[in-house]
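Inside the fold
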Amino acid sequence: MIGPKELPREIAPGVFWLGDCLEQRANGKIYHTYNAAFLLVGNDASMIIETGHPKDFPKIEQQLATLKKGLPPVKYLFVTHQETPHAGGLGRILHRFPEAVLCGDISDYHWAFPQYVHRMKSLREGDELDLGGRKFVVVEPVIRDLRTTWWGFDTKERVLFPGDGFAYSHYHEDGHCGLFAEEAISLDIPEVSAVFADRALFWTKFTDMNLYVNRLQYLMDKYDVQFIAPTHGLPILNPKVTLPKIKEGLLFGSSVPESGTESDPIHTKPKKVFVKEDD
Ligand SMILES: [Zn+2]
Ligand SMILES: [Zn+2]
């Protein structure tokens, strides 16, 4: 068995996985999930994709420092949507990298960071950023958490950055931390996808996920995606092997009822119900 690995890890040439695990309690067990960030390195510019959970900033800053020597300056920060696990480090990244321009849907950020308004660039599907030798393209967000979500794609290594798509937890006890999806052989992707659907993508229980699974395949084919860098799941290096499991996970997660509330044992005991009888 491959043991846990430390981040950063290079997913594909010039594409680095950053971040740290977050504990998630469900079904009486402790699951781990990622709120990852990525560094995409071109010949002229580097780009940070997602910011990590607010608690992860010191770690991500440290991981970036180990990589940054000799790399082109961070000129862009792309965030898939405004939710805290994706955007919570935004102010600190813009402060730490004064050349960086925030890209993507920029709704509402000006309220929180009026001092950085001149460093925000609105992008939508089809817009491109040239990093030198590779382009970052904004693509259709097939599975979205917020209305403002966008996904990204690296033209050089054909890496998809799908934010909340491909979202699933991993087993800390099995040493999955820092592993790629194909290395975590004991991971039951349908089960951990269902856990994530409960916690973060609850709408998937009220819709026909076959439509989304088909659209996901359309996007994979359209861009000839070779690698997938999800914010919450483990990076996928072999979509041919892993994509069928993800599809199964999306369909399974949407088909089962919610598995329970956060599993603090006091709160998971059935509550006594007192019924006042009418006389
Ligand atoms: Zn998310
Ligand atoms: Zn972990």
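Note: the structure precedes this text.
The present account deals with the structure reproduced in this document. In this text the structure is predicted, and so the values were computed from the model without any measurement.

**Points about the environment of Phe227**
Relative to the elements of secondary structure, Phe227 occurs in strand E14 (residues 227-228). For Phe227, a count of 19 C-beta atoms within 10 Å puts it in the partly exposed group. Ignoring sequence-local partners within four residues, the contact set of Phe227 consists of Ile11, Ala12, Glu157, Arg158, Val159, Pro235, Ile236 and Leu237.

**Re the pairing of strand E12 (residues 151-154)**
Alternating positions in E12 separate into two faces, Trp151 and Phe153 on one and Gly152 and Asp154 on the other, with burial throughout. By the bridge criterion, four bridges tie strand E11 (residues 135-139) to E12 in an arrangement that is antiparallel. Pairing of Val138 across the sheet is with Gly152, part of E12. Sheet topology note: the E12/strand E13 (residues 159-161) ladder contains three bridges and is antiparallel. Counterpart to Phe153 in the pairing with E13 is Leu160. Count of turn residues in the E12/E13 antiparallel hairpin: four residues, of which Arg158 carries a positive phi of about 60 degrees.

**Observations regarding helix H5 (residues 189-199)**
Among the 11 residues of H5, eight are classified as buried, and the element is accordingly described as predominantly covered. Residues of H5 that are buried: Ile189, Val192, Ser193, Ala194, Val195, Phe196, Ala197 and Asp198.

**Focus: the packing of H5 against helix H7 (residues 239-255)**
Between H5 and H7, the shortest axis-to-axis distance is 8 Å and the interhelical angle comes to 45 degrees. By the angle between their axes, H5 is oblique relative to H7. Taken as a pair, H5 and H7 cross one another with a handedness that is right-handed. Where H5 approaches H7, its residues Ile189, Pro190, Ser193, Ala194 and Ala197 are matched on the opposing element by Lys245, Ile246, Glu248, Gly249, Leu250, Phe252, Gly253 and Ser254. Taken together, the residues that form the contact of H5 with H7 break down as seven nonpolar, four polar and two charged.

**Concerning the environment of Val256**
For Val256, the position within the fold is in the loop between H7 and helix H8 (265-268). Overall, the presence of 13 C-beta atoms within 10 Å leaves Val256 in the partly exposed class. Remark: the alpha-carbon pair of Val256 and Gly89, spanning 167 residues in sequence, is separated by 34 Å.

**Brief notes about the sheet that holds strand E9 (residues 120-122)**
As summarised here, the arrangement of the seven strands in space is E1-E2-E5-E6-E7-E8-E9, forming an open sheet in which the pairing is mixed. Strand pairing shows two members of the sheet lacking a second neighbour, strand E1 (9-12) and E9, which therefore form its edges. Each strand axis lies, on average, 25 degrees off the axis of its neighbour in the sheet, ignoring direction. In this structure, strand E7 (residues 74-78) lies alongside strand E8 (residues 101-104), joined through three bridges in parallel fashion. Residue pairing for E8: Leu77 is matched across the bridge by Leu102.

**As for unusual backbone geometry**
Cis geometry marks the peptide bond from Leu7 to Pro8, where omega comes out at 5 degrees. When you line up the elements, Pro8 lands in the segment before E1. The backbone of Asp108 sits at a positive phi, close to 75 degrees, despite the residue not being glycine. Note that Asp108 resides in the loop between E8 and helix H4 (109-112). Look at Arg158: it is not a glycine, yet its phi comes out positive at around 60 degrees. Relative to the assigned elements, Arg158 resides in the loop between E12 and E13. We classify Arg158 as partly exposed; it has 15 C-beta atoms within 10 Å.

**Comments concerning the pairing of strand E2 (residues 15-18)**
Neither face of E2 is exposed, since Val15 and Trp17 on one face and Phe16 and Leu18 on the opposite face are all buried. Of the strand pairs in this sheet, E1 and E2 are connected by three bridges, and their pairing is antiparallel. The residue bridging Glu10 from the neighbouring strand is Phe16, located in E2.

**Examining the environment of His110**
Tracing the chain through its elements places His110 in helix H4. Under the C-beta neighbour-count criterion, His110 is labelled exposed, with 12 such atoms within 10 Å. Residues in contact with His110, not counting those within four places in the same chain, are Val117 and Met120.

**With respect to the nonpolar core**
Of all hydrophobic cores here, the largest spans 73 residues; its most connected members are Leu18, Phe38, Leu40, Met47, Leu77 and Ala229. In terms of residues, this core owes the most to one element, H5, which gives six residues. Residues contacting Ala229, with those up to four places away along its chain left out, are Ile11, Val15, Trp17, Phe38, Val159, Leu160, Phe161 and Pro235.

Analysis parameters
Residues numbered from 1 in each chain as written. Chains lettered and ligands numbered in written order. Predicted model: local features only at pLDDT ≥ 70, side-chain atom pairs only at ≥ 80, totals over all residues. Helix = DSSP H or I, 4+ residues; strand = E, 2+ residues; numbered from the N terminus. Buried ≥ 20, exposed ≤ 12 C-beta atoms within 10 Å, placed from the backbone. Contact = placed C-beta atoms within 7 Å. Pairing = 2+ DSSP bridges. Axes fitted to C-alpha atoms, helices over the stretch in contact; angles between N-to-C directions. Parallel < 35°, antiparallel > 145°, perpendicular 65-115°, else oblique. Left-handed = near helix turned anticlockwise from the far one by under 90°. Nonpolar A, V, L, I, M, F, W, Y, C, P; charged D, E, K, R; others polar. Core = buried A, V, L, I, M, F, W, Y, C linked by C-beta atoms within 7 Å.

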